[in-house]
Amino acid sequence: MQFMCLIYSADGTGPKPGTPEFGPYMKAYGDFTETVRSDGKFVAGDALQPVATATTVSVRNNKTETMDGPFAETKEQLGGYYLLDCEDLDEATKYAAMIPTATHGRIEIRPVVVWDN
Amino acid sequence: MLPPFSLEQTIEKTAREEWGRILAALVKTLGDFQLAEDCLQDSIVSAMSHWQKNGLPNSPAAWLMKTARRKAIDRLRRDKNFASKQAELSYLLDLENQPPGEDQSDMIPDKRLEMIFTCCHPALEQKTRVALTLRTLGGLSTDEIAHAFLDKSEAMQRRLSRAKQKILLSGIPYQIPEQALLPERVNSVLSVIYLIFNEGYSASSGIALTRADLTEEAIRLARIVRQLLPDQLEVSGLLALMLLHDSRRFSRSGEQGEMISLENQNRVRWDYAKIDEGCSILEDVLPRQQVGPYQIQAAISAVHAQSPSWQETDWSQIAALYELLHAMQPSSVVRLNQAVAVSHAHSLEVALKMLDEAATDGAMDSYQPYFAARADLMARSGNKEEARRCFLRAIELSDNAREKAFLENKITRL
């Protein structure tokens, strides 16, 4: 079954570009992606631009409204995701724990709905 | 002679005893907790009318299992989301079309271990794990569980439905965890069982009867897990610990329900069958050198259990066991207990120093047993003022009327 691993962290908690920690951090992401690919678990995965770039869209009375930024201000931000194909939650948890951000942020695992028809 | 069981009682007894085993096998077949439970319930209702007419079948458990499978076929055919359950349905039909063999309960595959690991999965909240384990393996009704945990039935019902839904959708596996995960998962199972035990053990009044059943249930669950996982010695450790604690059940309180401390218990009233069983389990596992916290705690309890009197207690052995426990699980509560042992084995000064050390991080500031122990040490070293002050603080921190009365009694005897 497929599991969406949503990567959350609070602003300014992870290694920043330009610091000595940033290089190894990025490399760890590369290694992780390589691992899930070669284990045959990788379906998709991306990093997202920072939350400051977000636009929120809603339609009310047939009128499209856009808003600058996220709808609700939250401390923790969604920074990226991996969509993994795993046997069960235990396996998904094992891989989620290997995502580098897990050591300072958190990974939310959500199973993907399988529609009946 | 006892009156024979009525048919209703026999059905109830069979259903209760076989519930966990049948349900576990059904969940394995159907892949759905709620569906399995509903079908088993249907099957029990149907047993009532069939057995009334035709008498008890050869193997009531096999009968219940077979009928539950047929109920599942019915339910799956009626289900609107029929398509997604094709595989289960054809498997059930295969089972149904097998040549009729001898109906025997040992033909039911034992999936109780898979079941308990699923119910105690860390993705579920602790309280949910406890409730789900009691419901699925213990066969307790939702009302009984709600009652035991002083919860509303509707709230417990919702909690259990949510849990079954989460298991169904979240990908929690229905299997024995792989070797690497096993120790951690066994721990989770053991802490659920120990919580069930303590919930029953710490109850002292009012609904005492129902809650005492929880200690029995916890011991029964530990026996099942031990039988299924004989190499996990902490399971044996927990079983021994619970048996040894439970051996004092009838001497822990007096005729009016008042609390009686270990020091003043009538040791003749201890349950020596339980003590013997607990001790012999420990004699079996301790030499196997995979000692863990439950085995150590059981060993401490065993030293008390084997001592003919409070005065003859081997306190230095108890103090040494607490040292070992502290090395495995450092905590100020363990230090506190060790200090009490040291006060009897060695000296009051050393014990008081250990108490001070345990209290340095502030963890003991509102911990009732700390003040009760400190008061006791102060009283024994002749410092009545400080003893009184600590007893009063302990009373203030206690929310149990019997315990308060016990501590007040100690003040009057200063």
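A quick note: this is a predicted structure, and the numbers were derived from the prediction, not measured.

What counts as what
- Residues numbered from 1 in each chain as written.
- Chains lettered and ligands numbered in written order.
- Predicted model: local features only at pLDDT ≥ 70, side-chain atom pairs only at ≥ 80, totals over all residues.
- Heavy atoms only, no water.
- Domains from an automatic or database assignment.
- Contact = heavy atoms within 4.5 Å.
- Buried area = accessible area lost by both parts, 1.4 Å probe.
- Salt bridge = Lys/Arg side-chain N within 4 Å of Asp/Glu carboxyl O.
- Polar contact = N/O pair within 3.5 Å; in protein donor to acceptor, adjacent residues only side chain to side chain.
- Helix = DSSP H or I, 4+ residues; strand = E, 2+ residues; numbered from the N terminus.
- Nonpolar A, V, L, I, M, F, W, Y, C, P; charged D, E, K, R; others polar.
- Core = buried A, V, L, I, M, F, W, Y, C linked by side-chain atoms within 4.5 Å.
- Buried < 20%, exposed > 50% of the residue type's maximum accessible area, 1.4 Å probe, protein only.
- 1 Å grid on protein atoms, 1.4 Å probe; cavity = no way out; pocket = protein on both sides within 12 Å on 5 of 7 lines; lining within 4 Å.
- Points joined across faces, edges and corners; volume = space filled by probe spheres on them.
- Phe/Tyr/Trp six-rings, centres within 6.5 Å; stacked < 30°, edge-to-face > 60°.
- Lys NZ or Arg CZ within 6 Å of the ring centre and 35° of its normal.
- Pairing = 2+ DSSP bridges.
- Expected span 1.5 Å × (residues − 1).
- Axes fitted to C-alpha atoms, helices over the stretch in contact; angles between N-to-C directions.
- Patch = residues over 30% accessible without salt bridge, like charges linked within 9 Å, V, L, I, M, F, W, Y side chains within 5 Å.
- Areas by Shrake-Rupley, 256 points an atom, 1.4 Å probe, with all protein chains shown as cover.

*Asks:* I'm lost on the domain arrangement of chain B in this one. Help?
*Replies:* How big an interface is tends to be reported as the loss of accessible area on association of its parts. Residues and elements named next belong to chain B. Annotation of chain B at the domain level lists domain 1 (7–98) and domain 2 (118–251 + 271–285). Between the C-alpha centres of domain 1 and domain 2 the distance comes to 25 Å. Contact with domain 1, which involves 13 residues of that partner, is made by 13 residues of domain 2. Carbon and sulfur atoms make up 54% of the surface buried where domain 1 meets domain 2, a total of about 1200 Å² over both sides. In this assembly, domain 1 and domain 2 are joined by two salt bridges. One can count six residue pairs in polar contact (both at pLDDT 80 or more) joining domain 1 with domain 2. Within the residue set of the side of domain 1 that touches domain 2, elements represented by two or more residues are α1 (7–30) and α2 (33–54). Per-element tally for the side of domain 1 that touches domain 2: the top contributor is α1, with seven residues. Among the residues making up the side of domain 1 that touches domain 2, the classes are represented as five nonpolar, four polar and four charged.

*Asks:* When you look at the nonpolar core in this model, what are you seeing that I'm missing?
*Replies:* Nonpolar side chains in soluble globular proteins tend to be buried together. All names here are of chain B. Membership of the largest hydrophobic core comes to 142 residues, with the highest contact counts inside it found for Ile-193 and Met-242. Taken domain by domain, the makeup of this core includes at least three residues from each of domain 1 (7–98) and domain 2 (118–251 + 271–285). Ignoring anything within four residues of it in the chain, the contact list for Ile-193 reads Ile-116, Ala-218, Leu-221, Ala-222, Val-225, Leu-238 and Met-242.

*Asks:* Looking at this structure, I do not really get empty space enclosed by the protein. What am I missing?
*Replies:* To find leftover empty space, a probe the size of one water molecule is rolled over the atoms. Under the defined criterion, the tally for this structure stands at one cavity of 30 Å³ or more. Approximately 40 Å³ is the volume attributed to the largest cavity. For the largest cavity, the full set of lining residues is A:Asp90, B:Phe117, B:Thr118, B:His121, B:Pro173, B:Gln175, B:Pro177 and B:Arg185. Residue composition of the lining of the largest cavity, grouped by class: three nonpolar, three polar and two charged.

*Asks:* Could you clarify how one ought to interpret the packing of aromatic side chains in this entry?
*Replies:* Each aromatic ring pair is characterised by the separation of its centres together with the angle its planes make. As enumerated under the stated definition, the model contains nine aromatic pairs over all chains in all. For the ring pair A:Phe32 and A:Tyr82, a centre distance of 4.8 Å and an interplane angle of 85° mean the geometry is edge-to-face. Taken together, the residues span a long stretch of sequence, with A:Phe32 in helix α1 (residues 22–38) and A:Tyr82 in strand β5 (residues 76–85) at a distance of 50 residues. Classification of A:Phe32 as buried rests on a relative accessible area of 4%. Ring centres of B:Phe33 and B:Tyr174 lie 6.0 Å apart, and the angle between their planes is 85°; on these two criteria the pair is classed as edge-to-face. Of this pair, B:Phe33 sits in helix α2 while B:Tyr174 sits in the loop between α8 (153–170) and α9 (182–201), and the two are 141 residues apart along the sequence. Take B:Phe33: its relative accessible area is 4%, and that puts it in the buried class. Residue placement shows B:Arg248 over the ring face of B:Trp270; its charged tip is 5.3 Å from the ring centre. Lying across the ring of B:Phe371, B:Arg393 places its NZ or CZ 5.5 Å from the centre.

*Asks:* Where do I start with the interface of chain A and chain B in this structure?
*Replies:* Counting from both sides, the interface comprises seven residues of chain A and, opposite them, 12 residues of chain B. Along the contact surface separating chain A from chain B lie one salt bridge. Put simply, B:Arg185 and A:Asp90 hold a salt bridge, and the shortest N to O gap is 3.0 Å. The residue inventory of the side of chain A that touches chain B, partitioned by class, reads four nonpolar, no polar and three charged.

*Asks:* Help me out: how do you make sense of the pairing of strand β3 (residues 55–60) of chain A in this one?
*Replies:* Little of β3(A) is tucked away, with zero of its six residues classed as buried. What sits between β3(A) and strand β4 (residues 63–68) of chain A in their antiparallel hairpin is a turn of two residues, with A:Asn61 showing a positive phi close to 50°.

*Asks:* I keep staring at helix α19 (residues 401–412) of chain B and nothing clicks. Help me out?
*Replies:* An α-helix turns once every 3.6 residues. As a result, residues three or four positions apart point the same way. Between its first and last C-alpha, α19(B) extends 17 Å over 12 residues, near the 16 Å set by a 1.5 Å rise per residue. Check the buried side of α19(B) and you find it contacts α17 (368–380) and α18 (384–397) of chain B.

*Asks:* How do you make sense of the environment of A:Ser58 when you look at a structure like this?
*Replies:* All names here are of chain A. Following the sequence through the fold, Ser-58 ends up in strand β3. Since its relative accessible area comes to 22%, Ser-58 is described here as partly exposed. Each residue touching Ser-58, except ones within four places of it in the same chain, is listed here: Lys-63, Thr-64 and Glu-65.

*Asks:* What is the right way to read the sheet that holds strand β2 (residues 42–47) of chain A from this model?
*Replies:* What links the strands of a sheet is backbone hydrogen bonding, and the strands pair in either a parallel or an antiparallel sense. All names here are of chain A. Strand order in the open sheet made by the four strands is β2-β5-β1-β6, with antiparallel pairing throughout. Single-partner strands in this sheet number two, and they are β2 and β6 (106–111). Each strand of the sheet is rotated relative to its neighbour by a mean of 20°, with strand direction disregarded. Where strand β1 (residues 2–10) lies against β5, nine bridges are found, and the strand directions are antiparallel. Within the sheet, the bridge partner assigned to Gln-2 lies in β5 and is Asp-85. Packing against the sheet, α1 makes contact with β1, β2 and β5, and its axis sits at approximately 25° to β5.

*Asks:* What should I look at first to understand a nonpolar patch on the surface in this one?
*Replies:* All names here are of chain B. On the surface, a nonpolar cluster with roughly 280 Å² of combined accessible area is contributed by Leu-286, Val-291, Leu-324 and Met-328. Structurally, the position occupied by Met-328 is in helix α14 (residues 315–328). Accessibility expressed as a relative area gives 34% for Met-328, which makes it partly exposed.

*Asks:* When you look at the side chain of B:Ser236 in this model, what are you seeing that I'm missing?
*Replies:* Residue and element names in this part refer to chain B. Its location among the elements puts Ser-236 in helix α11 (residues 233–246). Judged by its relative accessible area of 3%, Ser-236 falls in the buried class. Within the structure, Ser-236 has its side chain in polar contact with the side chain of Arg-226 (distance 3.0 Å). Contact partners of Ser-236, with chain neighbours within four places excluded, come to Arg-226, Ile-281 and Val-285.

*Asks:* What's the story with unusual backbone geometry in this structure? I'm lost.
*Replies:* Glycine aside, a negative phi is what most residues show, and trans is what most peptide bonds show. Residues and elements named next belong to chain A. Even without being glycine, Asn-61 reaches a positive phi, approximately 50°. Its identity is not glycine, yet Asn-62 carries a phi of approximately 65°, on the positive side. Considering the arrangement of structural elements, one finds Asn-62 in the loop between β3 and β4.

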